[in-house]
Amino acid sequence: NNVLAGQNDSMVGFNHCGYDWSLNRGRTWGSVGTQPPPFYQELFVQTGDTADACSDPSGTFDHLGNAYVTGVFFDVADAESSIWVAKANAPIKGRYYHEPRRIDAFQEYRTAVMGEPANDNDPDIAHDKELMQADSRDTSPKKGRVYVTWTRFNFDTGQGVGGNTPIVFSQSTDGGATWSRQVIINGSSSEFCGDFSGSA
């Protein structure tokens, strides 16, 4: 019954992403609307600036019904580029979001600290088109893990835009609070790729 949707949305100013929820399989919808997830109080680690904009929203549910949303965050005038994750515990059903960490036994709405698969202040790196999925299968040995993949544009290779754009992976095993080291997962293999396929 519980469905999430996200879109690039400028309702509250420069593109901040919108996240919507339905409790009846999409027949009617509510919106986080003018109170977006607390991403925008999060700070870029290197500069202490807050994000100007968000793009490419993505969302998922884990096996307990907890909802997660993410996006690509950036500073319009500078090099900061990040991927942050917010959480809505199962009873909230995606109607508002909070930081993923659990504070003692009580989960409260806080403006920091978001989950952080990526955070850079490098003019030669730009994160883009992240997608998120949680393992929601009750029988899975990895149930509850949350995964994010994205494209990392590397501009310092001399190959031009698209010349070095690996697909990167990170996972959380603690409900989105902390994230693993980034791992490049794209490539090519003659074992799996035919003559007309560039990657596996």
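Residues numbered from 1 in each chain as written. Predicted model: local features only at pLDDT ≥ 70, side-chain atom pairs only at ≥ 80, totals over all residues. Heavy atoms only, no water.

A.B. asks: Give a description of the state of the cysteines that names residues and reports values.
C.D. replies: One pass over the full model with this rule turns up 1 disulfide. Disulfide pairing places C17 opposite C54 at an S-S distance of 2.5 Å. Taking the sign of the S-S torsion, about -85° here, the bridge from C17 to C54 comes out left-handed. Placement of C17 in the loop between β1 (3-7) and β2 (18-22) and of C54 in strand β4 (residues 53-61) is noted, with a sequence separation of 37 residues between them. Residue C17 is classed as buried on the basis of its relative accessible area, which comes to 6%. Look at C54 and you get buried, because its relative accessible area is 0%. (Disulfide = S-S within 2.5 Å. Helix = DSSP H or I, 4+ residues; strand = E, 2+ residues; numbered from the N terminus. Buried < 20%, exposed > 50% of the residue type's maximum accessible area, 1.4 Å probe, protein only.)

A.B. asks: Before we move on, could you go through unusual backbone geometry and cite the residues and values that matter?
C.D. replies: Glycine aside, residues mostly have negative phi angles, and peptide bonds mostly take the trans form. One non-glycine residue, C17, lies in the positive phi region at around 65°. Although it is not a glycine, K93 sits at a positive phi angle of roughly 60°. Considering the arrangement of structural elements, one finds K93 in the loop between β6 (80-88) and β7 (115-121). For K93, a relative accessible area of 34% translates into the label partly exposed.

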